[in-house]
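Report on the structure
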Amino acid sequence: MIKRGKPHPAYLELWQSRELARRVELGLKKLADCALCPRNCHVNRSEDKKRVCRTGRYAAVSSHFAHFGEERCLRGNHGSGTIFFSWCNLRCVFCQNYAISWAGEGRSTKPEELAEMMLELQEEGCHNINLVTPEHVVPQILEALLLAVEHGLRLPLVYNTSAYDSLDSLRLMDGIVDIYMPDFKFWDPENARRYAKAPDYPETARSAIKEMHRQVGPLVIDAHGVALRGVLLRHLIMPGGVAGTQEIMNWIGCELGTGAYVNLMAQYQAALYHCFKRVRNGQGSPESLKGRGHIGDHNKVFLAAPRTPSSASASLWFVRVTFSVPAFTAVTRVQIPSGTPNLFSRL
Ligand code: SF4
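Let me sum up the structure you'll find in this document. (Residues numbered from 1 in each chain as written. Predicted model: local features only at pLDDT ≥ 70, side-chain atom pairs only at ≥ 80, totals over all residues.)

Description of the overall build of the chain
Applied cut-off: Helix numbers and strand numbers start at the N terminus; a helix is a DSSP run of H or I with at least 4 residues, a strand a run of E with at least 2. Placing C-beta atoms from the backbone, we regard two residues as in contact once those atoms come within 7 Å.
Scanning the chain from N- to C-terminus turns up 11 helices and 14 strands. Within the chain, counting contacts between residues at least 6 apart in sequence, those at least 24 apart form 70% of the total.

See below:
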């Protein structure tokens, strides 16, 4: 859907009605007995106690910059204003941002500083504020957002998530986030247990994505092709069909409609986990991981549009991914019924 005009971020109304301030208060209270994500740790983060996500009272930030590698509708001509939060509540063993999500690269950031980062990105001309790995720092984001809005922030918020979110957290964000970008990772609970220690991931992700869609609806872009509002999905194809690509696409088509947008990604790589194991076994330092996050860039994804109606294969998309990682080269083919979402590979 295409819309004209300037972005009008959702949070402005909640700020004017003082609901944003109430959400900040509510979110910060929840830190005292943290069940903000499905890990349900029940630890007192207000006192800086930490558990699975290794994050206490304040969010840690690894970097913030105008990102020109995101989807075209997010990066536009001036970049997506990305803020990378350190640590993660899911931590897949194949994470491409291993140094940030597992090794915690970054530093503790007070709300005033986080607000300044948002304003700086706006000043640079970015099209949006892109919150990467926000699941475990929702109250801290709200706290900073309130300060940033008071000082003039007017960009749409992108909630860039693994989809391992609790409904409780997502409701705190209702009316505040403009664009949800969930990455639906696994269909099979056993694979989710094996690769992320989260057997409840598939069920959680389905509920979370339905809630995101309820809040913001399908993707809306402006006349220049820049996203203003809605859900934009991601999905990483994995060797051997481990991710359950076909099932996930079918589910998206049925639940969100065939107008849903999905970025099919192919940058799977596994080597960083082996680095992690070496660090854990005392055979290397976290610094040795730096600069090793791009080996999956050699993977190739081939996405064929549905054939003409006269073709016998009229009802299928064809996706072929060639994985070229140090340990092996593998080709995965997936056939997806075309009555499923709008698919595109990394643009
Ligand atoms: S946000 Fe962190 S501390 Fe809270 S439940 Fe999730 S992993 Fe545990």
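A look at the packing of helix H5 (residues 111-123) against helix H6 (residues 138-150)
Our working definition: Angular values range over 0 to 180 degrees, each being the angle between N-to-C directions of two axes fitted as lines to C-alpha atoms, with helices fitted over their stretch in contact. Convention used here: angles under 35 degrees read as roughly parallel, angles over 145 as roughly antiparallel, angles from 65 to 115 as roughly perpendicular, and any remaining angle as oblique. With the far helix as reference, a near helix turned anticlockwise by less than a right angle produces a left-handed crossing, and one turned clockwise produces a right-handed crossing. Charged means Asp, Glu, Lys or Arg here, nonpolar means Ala, Val, Leu, Ile, Met, Phe, Trp, Tyr, Cys or Pro, and polar covers whatever is left, Gly included.
Taken N-terminus to C-terminus, the directions of H5 and H6 make an angle of 60 degrees; their axes are 8 Å apart at the nearest point. Here H5 lies oblique to H6, going by the angle between them. In terms of crossing hand, the pair formed by H5 and H6 is right-handed. Only Gln140, Glu143, Ala144, Leu147 and Ala148 of H6 make contact with H5, whose side of the interface consists of Pro111, Glu112, Leu114, Ala115, Met118 and Leu119. Split into classes, the residues belonging to the contact of H5 with H6 amount to 8 nonpolar, 1 polar and 2 charged.

Observations regarding helix H10 (residues 245-256)
The criterion, for reference: Expected helix span is computed as 1.5 Å times (number of residues minus one). Field definition: a residue is buried when 20 or more other C-beta atoms are found within 10 Å of its C-beta, exposed when 12 or fewer are, and partly exposed for counts in between, with C-beta atoms placed from the backbone. To obtain the arc, one takes the directions from the helix axis to the C-beta atoms.
Spanning 12 residues, H10 covers 16 Å between terminal C-alpha atoms, matching the ideal 16 Å at 1.5 Å per step. Among the residues making up H10, those that are buried are Thr245, Ile248, Met249, Ile252 and Leu256. Along the axis of H10, the buried residues cluster in a sector spanning 100 degrees; they form a single face. Seen from the buried face of H10, the exposed residues on the opposite side, beyond 90 degrees, are Cys254 and Glu255. Looking one or two places after H10, you find Gly257, whose phi comes out positive at around 95 degrees.

Re the environment of Asp174
Inspection of the secondary structure puts Asp174 in the loop between helix H7 (167-172) and strand S7 (179-182). Sequence-wise, Asp174 and Met212 are 38 residues apart; in three dimensions their C-alpha atoms are separated by 8.4 Å.

What about the site of the ligand?
Convention followed: Using a C-beta atom placed from the backbone for every residue, we mark a residue as near a molecule or strand if that atom lies within 6 Å of it.
Residues in contact with the ligand amount to 14 residues; listed here are only the nearest, Cys34, Cys37, Cys41, Val52 and Cys53. For the shell around the ligand, the residue count by class is 8 nonpolar, 3 polar and 3 charged.

Topic: the environment of Tyr268
Residue position: Tyr268 is located in the loop between strand S10 (261-265) and helix H11 (271-280). Taking the C-beta count within 10 Å as the criterion, Tyr268 has 20 such neighbours and is therefore assigned buried. Considering only alpha carbons, one finds Tyr268 and Ile237, 31 residues apart in sequence, at a separation of 7.2 Å.

Details of unusual backbone geometry
Despite not being glycine, Arg91 shows a phi value in the positive range, around 60 degrees. Topologically, Arg91 is positioned in the loop between strand S3 (80-85) and helix H4 (98-101). The phi dihedral of Lys197 falls on the positive side, at around 50 degrees, and the residue is not glycine.

A few points about the pairing of S3
The test is simple: A pair of strands is considered paired only if DSSP assigns at least 2 bridges between the two.
In terms of burial, S3 is largely enclosed, as 6 of its 6 residues are buried. Of the pairings in the sheet, the one linking strand S2 (residues 59-67) to S3 comprises 6 bridges and is antiparallel in character. Note that in S3 the partner of Phe65 across the bridge is Thr82. Pairing geometry for S3 and strand S5 (residues 129-132), over 4 bridges, is parallel. Paired with Ile83 across the bridge in S5 is Leu131.

A look at the nonpolar core
Stated precisely, the cut-off is as follows: Residues enter a nonpolar core if they are buried, belong to Ala, Val, Leu, Ile, Met, Phe, Trp, Tyr or Cys, and are joined to the set through C-beta atoms within 7 Å.
Among the nonpolar cores identified, the biggest contains 98 residues, and Met118, Val177 and Val231 are the most heavily contacted of them. Per element, the largest residue contribution to this core is 8 residues, and it comes from H6. Apart from the residues lying within four places of it in its own chain, the contact partners of Val177 are Ala10, Leu157, Tyr159 and Val216.

Things to note about helix H9 (residues 201-216)
Every α-helical turn comprises 3.6 residues, leaving residues that sit three or four positions apart pointing alike. Compared with the 22 Å implied by 1.5 Å per residue over 16 residues, the 22 Å span of H9 between its first and last C-alpha is a close match. All buried positions along H9 are accounted for by Tyr201, Pro202, Thr204, Ala205, Ala208, Ile209, Met212, His213, Gln215 and Val216. All buried residues of H9 project into a common sector of 160 degrees when viewed along the axis, lining one side. In H9, the exposed residues that point more than 90 degrees away from the buried face are Glu203 and Arg214. Its buried side turned inward, H9 meets H7, S7, helix H8 (189-196), strand S9 (227-236) and H10. Once H9 finishes, Gly217 follows within two positions and takes phi at roughly 70 degrees, a positive value.

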